[in-house]
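One letter stands for each residue in the lines below.
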Amino acid sequence: MAALGQICIVGAFGLALYAIVSSLAGVRVRSRELILSGQNAAWGVTALITAASLTLLIALAVHDFSLRYVWEHSSRAMSMDLVLAAFYSGQQGSLLYWAWTLSIFSAIVLWQQRKPGPHRVFMPYVVAVLMVVEAFMTLLLGFVATPFEALPRPPQDGVGLNPLLYDAGMRIHPPMLLAGLMSWTIPFSFAIAALATGKLGNEWLALSRRYAMVAWVILGLGNVLGAWWAYHVLGWGGYWGWDPVENVAIMPWLVGTAFIHSIQMQERRGMLKAWNIVLIMVAFFLSIFGTFVVRSGILASVHAFALSEIGPYFLTFLSLVIVGSLGLFFWRLPRLRAENQIDSLLSRESSFLINNLLFLGIAFAIFWGTIYPLVAEAIADQKVSVGPPYFKQVAGPLLGAMLLLMGIGPLMPWRRASREHLLHNFLVPVGGAVLGIALLLVFGVIDPFALLGFGLCLFVLGTILQEFTRGALARHRATGENVVLALGSLVRRNNRRYGGYLVHLAILLIGAGAVGSQVYQLQTQATLAPGQSVSLGAYTITAQGVQTTQLSGVKVTDGLLTVNGTDELRPEKQFFDNFPQQPSTKVGLRSTPFEDLYVVLSDWTGDGPTAQVSLAIFVNPLVSWIWAGGVLLLLGTLITLWPAPAPSRQRAMIPSSIGVGARA
Amino acid sequence: MRIASLVLLLAMAFAPMAVHADALDDGVRRVALQLQCPVCEGETVADSPSGLAADMRAVIRTKLQAGESDQQILDEFVASYGDGILTEPPKHGISLGVWVGPLIGLALGATVLTLLLRAWRRPAPLTPVSSGLTLETDVVDEFHRFREEYGR
């Protein structure tokens, strides 16, 4: 097994190198055969990495403990789905998973772009860039952090998975996040191809927009699922801790968000060409950085960084990629002139520019706060902790500004907004938000942060609902469809626009959930003998002792609780036989659309129905809105990505006297 | 709109009904949330399951019972562990840099943006945009809306 996997990895490394040379040489000497041979080699890389990955999966499935990786990350007691999830639970395996998904995405790109067309000229460079990344990963996997290291004397059983990772979230969150980080490589490769060929128009954007959207949604969901996992498993009552690992995963997503907005400036107005290339480059750099940090957790200390085996390799690779990309960029900079000018500060254009400033500002603030402990240690040899208060204070106001802009930007016309236009578009949403804030005040919401946050959400909600209503009504009157049908076909026909609004709605849900749970979380702790109760919010929790069950490989203790006299709630602690010192938590959760009752069994004395339990109890308002936002985020993005319908006869109905873009 | 705000209000209605079990527990948590657990990664003393964090919570409890203020307790922890114990980096010394960085970044970004806007913003005649625009469905619907809204 070990030898087979290792051969596949080393073979993939060799083929990737060949693909780079062959593709670039093919362009140089104008040989179609060489270019094609490079593409075939890329297919070969996909096949070999797939074979290596299947080898590891099979080794896990048959409990082949002669592989160190299998021994370290799985055990016989684990259920099969967890055994397979162990594939991406360790450093080497997750790097292999990363390389594997990249090879699959590369194959999809090759397949989608196989037909002749103008994109042809980009493909050799795209292949070369993808294979450079793949060569680096297989270099690591083959020679530095190999998942196929053999143990001389195979043990009888494995160590098993880290207890924190025994959760449904584990099966979906890490692969989503790693794939999300990986997928920025694809749009990046098109940007490099555009620079290399000098074809810096909209072609590369048109090709990479979809890939960027896919990367965006995968990484976005990866982050939401990460929050969900943390909420269910870590047991501190929250879902986002501004941990370095979380921060590095959100940064490329923020820069990517700036990119998918900013490219519209280029598509519509021929502006920001150079900037868009910079954005996608930064998103890619950050996702490589993120992969590395997520996989090694180096940010605790500079020394850990130096000690990490893969650290120096990642650093070298990242530096080379940055220098190379920027060199290419500055070489082409003279060709990246804007075709248009800004007509007015009150326009869609300037709102996109502010959008970019805010997203990059947030990303930079997070980046700076995340690496600052390293900086302080390196230059002053002092230990500095940068915890959640910093991120909340710095990123909070910027996120609020972002929310405001999310309401304003989409309603701004291109080029220039008139006073009538502003009045026409903003009267209702602003009025609605003011009314909403007044109502909130009447009902006793006096926290200024909550008022501001909910007020902004209501304003943006108003703008979105107004857009849907106006669009549907206009279509209803123009075509005679009934309003519901009109709404449907509106979304279907203008999927980019209305799908985008749905994504904005998803962000609103997440924002409202974050504001609600930040400001109105209730928390208490209590130690209760059987029959004793504690009240928090609308809940009275009564203890009934504990129940301990021995399952295969794990001992589970349930706290037996009743909520408000009737409902049962059973928070759990699990003690895995291989990790007795590291109990894992299963939160007792009672979710309603408006709030979650969240109970953690922290400790207990005695056993059975007479045991006394210590509980940490939280009431978290609106947290389910965050998860609903995640679902809507996916839905909205899918609608945006849905292939546009064939051009209809309606085109002909436009009178030629209407100047295109005069108001659109 | 209004339904949505009512929904929000319903959710909020529970908030003022908070009955806290123990004011001392709240005090311990309030202080512990501001302290970084020295032996964990990215966990506060309030949330960490480690033994050291539990000891520190007990110390906080004793000090609160003795009538010390939150700030006094934090200062004592800083005296023995250094500034690194605080989750919120202080706004002086080396930690000041972490606060200043984003401000400088934003200021730089805003300056570049202003300069760019000034350079780009020249009154150009209102000619139809030419670059790569075709009549897409969304333009057609936009046109219908335009006609509807302005009655032309």
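Because the structure is a prediction, the values reported are computed rather than measured.

A few points about the overall build of chain A
Consideration 1: The number of helices and strands found in chain A is 20 helices and 10 strands.
Consideration 2: The C-alpha atoms of chain A give 27 Å as radius of gyration, which agrees with the globular expectation for 664 residues (26 Å, within 12%).
Consideration 3: Projected onto its principal axes, the C-alpha positions of chain A cover 85 × 70 × 55 Å.
Consideration 4: Among the 664 residues that make up chain A, the fraction classed as buried is 54%.
Consideration 5: When contacts within chain A are restricted to residue pairs at least 6 apart in sequence, those whose partners lie at least 24 apart make up 73%.

As for the environment of A:Ala150
Residues and elements named next belong to chain A.
Consideration 1: Position of Ala 150 among the secondary structure elements: in the loop between helix H6 (123–144) and helix H7 (168–182).
Consideration 2: Judged by C-beta crowding, with 16 C-beta atoms within 10 Å, Ala 150 ranks as partly exposed.
Consideration 3: Between the C-alpha atom of Ala 150 and that of Thr 527, which follows or precedes it by 377 residues, the distance is 49 Å.
Consideration 4: The residues contacting Ala 150, other than those within four sequence positions of it, are Ala 2, Ser 66 and Leu 67.

Regarding the domain arrangement of chain A
Where interface size is quoted, it is often the accessible area lost as the parts come together.
Residues and elements named next belong to chain A.
Consideration 1: Under the domain assignment used here, chain A contains domain 1 (1–166), domain 2 (172–335 + 352–399), domain 3 (400–518 + 625–643) and domain 4 (522–623).
Consideration 2: A straight line from the C-alpha centre of domain 2 to that of domain 4 covers 38 Å.
Consideration 3: Taken together, the five residues of domain 2 in the interface contact nine residues of domain 4.
Consideration 4: Grouping the constituent residues of the side of domain 2 that touches domain 4 by class yields two nonpolar, three polar and no charged.

Section: the packing of helix H8 (residues 185–197) of chain A against helix H13 (residues 311–332) of chain A
All names here are of chain A.
Consideration 1: For the pair H8 and H13, interaxial distance at closest approach is 9 Å and the crossing angle is 45 degrees. Taken together, the axes of H8 and H13 lie oblique to each other. For the crossing formed where H8 meets H13, the hand is left-handed. On H13, the residues that touch Ile 192, Leu 195 and Ala 196 of H8 are Ser 325, Leu 328, Phe 329 and Arg 332.
Consideration 2: When grouped by side-chain class, the residues that make up the contact of H8 with H13 number five nonpolar, one polar and one charged.

Conventions and cut-offs
- Residues numbered from 1 in each chain as written.
- Chains lettered and ligands numbered in written order.
- Predicted model: local features only at pLDDT ≥ 70, side-chain atom pairs only at ≥ 80, totals over all residues.
- Helix = DSSP H or I, 4+ residues; strand = E, 2+ residues; numbered from the N terminus.
- Rg over C-alpha atoms; globule rule 2.2 N^0.38 Å.
- Buried ≥ 20, exposed ≤ 12 C-beta atoms within 10 Å, placed from the backbone.
- Contact = placed C-beta atoms within 7 Å.
- Domains from an automatic or database assignment.
- Nonpolar A, V, L, I, M, F, W, Y, C, P; charged D, E, K, R; others polar.
- Axes fitted to C-alpha atoms, helices over the stretch in contact; angles between N-to-C directions.
- Parallel < 35°, antiparallel > 145°, perpendicular 65-115°, else oblique.
- Left-handed = near helix turned anticlockwise from the far one by under 90°.

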